[in-house]
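Results of the structural survey
One-letter residues, chain by chain:
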Amino acid sequence: MFSKRYIAGEKLEDAVTVSKQLAMKGVSSTIDHLGEYVTEIKMAKQVQRIYLEMIDRFEQEDLSVTYSVKPSNFGLLTDFETCFELVREVVEKARGYDSFVRIDMEDSSCVDAELELYQRLHAIYPQNVGIVIQAYLKRTPKDLLFLEKLHSEASPVNVRLCKGIYVEPEEIAFKDRKEISQQYVKALRFLLEKGIYVGIATHDRSLTDMAQQLIKQYAIGSEKYEFQMLYGVTPELRSELVRAGHKMRVYVPYGKEWFGYSSRRLKENPKMISYIIKALFKRG
Ligand SMILES: Cc1cc2nc3c(=O)[nH]c(=O)nc-3n(C[C@H](O)[C@H](O)[C@H](O)COP(=O)(O)OP(=O)(O)OC[C@H]3O[C@@H](n4cnc5c(N)ncnc54)[C@H](O)[C@@H]3O)c2cc1C
């Protein structure tokens, strides 16, 4: 099944196995349980249970793992306060192990609420929670200034910078690839200049090249950045960056709801079909 390339498997143990394989290659993981847009709090509580169990399981292993959550899975757009409390308990659990939870950034209807969620969690757990910024959004420079205000040595802000994956209207998002890349570089420069930890999440070689130049130019230490990629995407570029001495973290999704995740990856990259066919033949 093509989704195998992008998803660790359906079960928690599949994610553990993949993380161990990545660790052997010098790569850390961030674990995501698949699913989005929960409208019933009962279901959001189930999602929370999955995360709490996941964290307990992973922390039995000697792996450098963090966790990624999609707040819409915790009822973000149905009941913000309950969502906040559910995610807070997940971060509390991670903090107990000195670990870390990243709040993924979803489509534009979630951005304000996700920034607020981050602001409130960061005030309680400054070392254990991070956020994502999408370079394609026209509001991003303003959001970066907002994050800069939250940032201090005692309460460091931690950002994953990505291009953005959702289909958004032109009024709010850049559409042109070149323009999105320019916005990405601007945002990256800003984060590096301000000393804000950045997860450079991209498979775009021109951006990883530019990032390496900036890291050199600003003499950024490894305690201030890492590269991040999705499981199954551009493993060669990933290995090159690891060989060049950069920290690398791979986003490892697992679970039964692979369809939405995999089909988003397909839409994003039409060339994918040839990768899939190749992968199918390879696996015989
Ligand atoms: C760790 C991580 C976390 C992310 N979290 C979020 C998030 O929270 N919110 C959000 O909106 N987006 C998120 N994204 C997705 C991101 O926004 C982009 O949509 C995605 O990374 C593709 O953009 P790119 O920078 O890799 O460049 P692209 O120009 O899309 O890709 C560059 C090259 O990478 C290869 N490539 C890219 N995608 C694929 C693929 N599916 N299969 C095979 N090859 C491929 C191709 O060779 C392509 O030419 C995340 C991405 C990463 C890496």
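This section reports on the structure supplied with the text.

Cut-offs and rules
- Residues numbered from 1 in each chain as written.
- Predicted model: local features only at pLDDT ≥ 70, side-chain atom pairs only at ≥ 80, totals over all residues.
- Heavy atoms only, no water.
- Helix = DSSP H or I, 4+ residues; strand = E, 2+ residues; numbered from the N terminus.
- Buried < 20%, exposed > 50% of the residue type's maximum accessible area, 1.4 Å probe, protein only.
- Contact = heavy atoms within 4.5 Å.
- Areas by Shrake-Rupley, 256 points an atom, 1.4 Å probe, with all protein chains shown as cover.
- Salt bridge = Lys/Arg side-chain N within 4 Å of Asp/Glu carboxyl O.
- 1 Å grid on protein atoms, 1.4 Å probe; cavity = no way out; pocket = protein on both sides within 12 Å on 5 of 7 lines; lining within 4 Å.
- Points joined across faces, edges and corners; volume = space filled by probe spheres on them.
- Nonpolar A, V, L, I, M, F, W, Y, C, P; charged D, E, K, R; others polar.
- Near = heavy atom within 4 Å.
- Polar contact = N/O pair within 3.5 Å; in protein donor to acceptor, adjacent residues only side chain to side chain.
- Expected span 1.5 Å × (residues − 1).
- Arc of directions from axis to C-beta.

Along the backbone of the protein there are 10 helices and eight strands. For the protein, the proportion of its 284 residues judged to be buried stands at 52%. The long-range share in the protein, meaning contacts at least 24 apart out of those at least 6 apart in sequence, stands at 76%. In the form shown here, the protein has an accessible surface area of approximately 13,700 Å², with 53% of it arising from carbon and sulfur atoms.

All right, on to the pattern of salt bridges then. One side chain can pair with another of opposite charge once the charged atoms of both are near each other. Evaluation of the coordinates by the stated rule reveals 18 salt bridges. R120 serves as the salt-bridge partner of E116, at 4.0 Å between the closest nitrogen and oxygen. Here E116 pairs with R120, and both are found in helix α4 (residues 111-124), just four residues apart, close to one helical turn. Judged by its relative accessible area of 38%, E116 is partly exposed. Note on R120: relative accessible area 27%, which makes it partly exposed. The salt bridge involving K194 is made with E148; its shortest N-O contact spans 3.5 Å. Of this pair, K194 sits in the loop between α6 (177-193) and β6 (197-201) while E148 sits in helix α5 (residues 140-150), and the two are 46 residues apart along the sequence. A cluster of three or more residues bridged by salt bridges with shared partners is formed by E13, K20, R57 and E61.

By volume, the second largest pocket amounts to about 510 Å³. Among the secondary structure elements, those contributing two or more residues to the lining of the second largest pocket are β1 (28-33), β2 (65-69), β5 (158-162), β7 (225-230) and β8 (248-254). When grouped by side-chain class, the residues that make up the lining of the second largest pocket number 10 nonpolar, 11 polar and nine charged.

The next subject is the site of the ligand. Neighbouring residues of the ligand: 27 residues in total, closest M105, K163, G164, T202 and H203. In this structure, Q134 approaches the ligand through a side-chain N or O atom, which is 2.9 Å from an oxygen atom. In this structure, an oxygen atom belonging to the ligand sits 2.6 Å away from a main-chain N or O atom of G164. Here the ligand loses 91% of its free accessible area of 940 Å² to cover by the protein chains. Those elements that place two or more of their residues in the shell around the ligand are β4 (129-134), β5, β7, α9 (258-268) and α10 (272-283). Among the elements that line the shell around the ligand, the one with the most residues is β7, at three residues. Here the shell around the ligand is built from residues that sort into 13 nonpolar, seven polar and seven charged.

Residue position: E226 is located in strand β7. Given the relative accessible area of 6%, E226 is considered buried. A polar contact is formed between the side chain of E226 and the side chain of Y197, at a distance of 2.9 Å. Every residue in contact with E226, bar those within four places of it in the chain, is listed here: Y197, V198, G199, I200, K247 and R249.

It is worth spelling out helix α1 (residues 12-24) at this point. Each full turn of the α-helix corresponds to 3.6 residues, which orients residues three or four apart in the same direction. In this model α1 runs 19 Å from its N-terminal to its C-terminal C-alpha over 13 residues, within 8% of the 18 Å that 1.5 Å per residue would give. Among the residues making up α1, those that are buried are L12, A15, V16, V18, S19 and L22. For α1, the angular spread of buried residues about the axis comes to 165°, placing them on one side. Those residues of α1 that are buried are in contact with β1, α2 (41-58), β2, α8 (235-243) and β8. A positive phi of about 80° marks G26, the residue just after α1.

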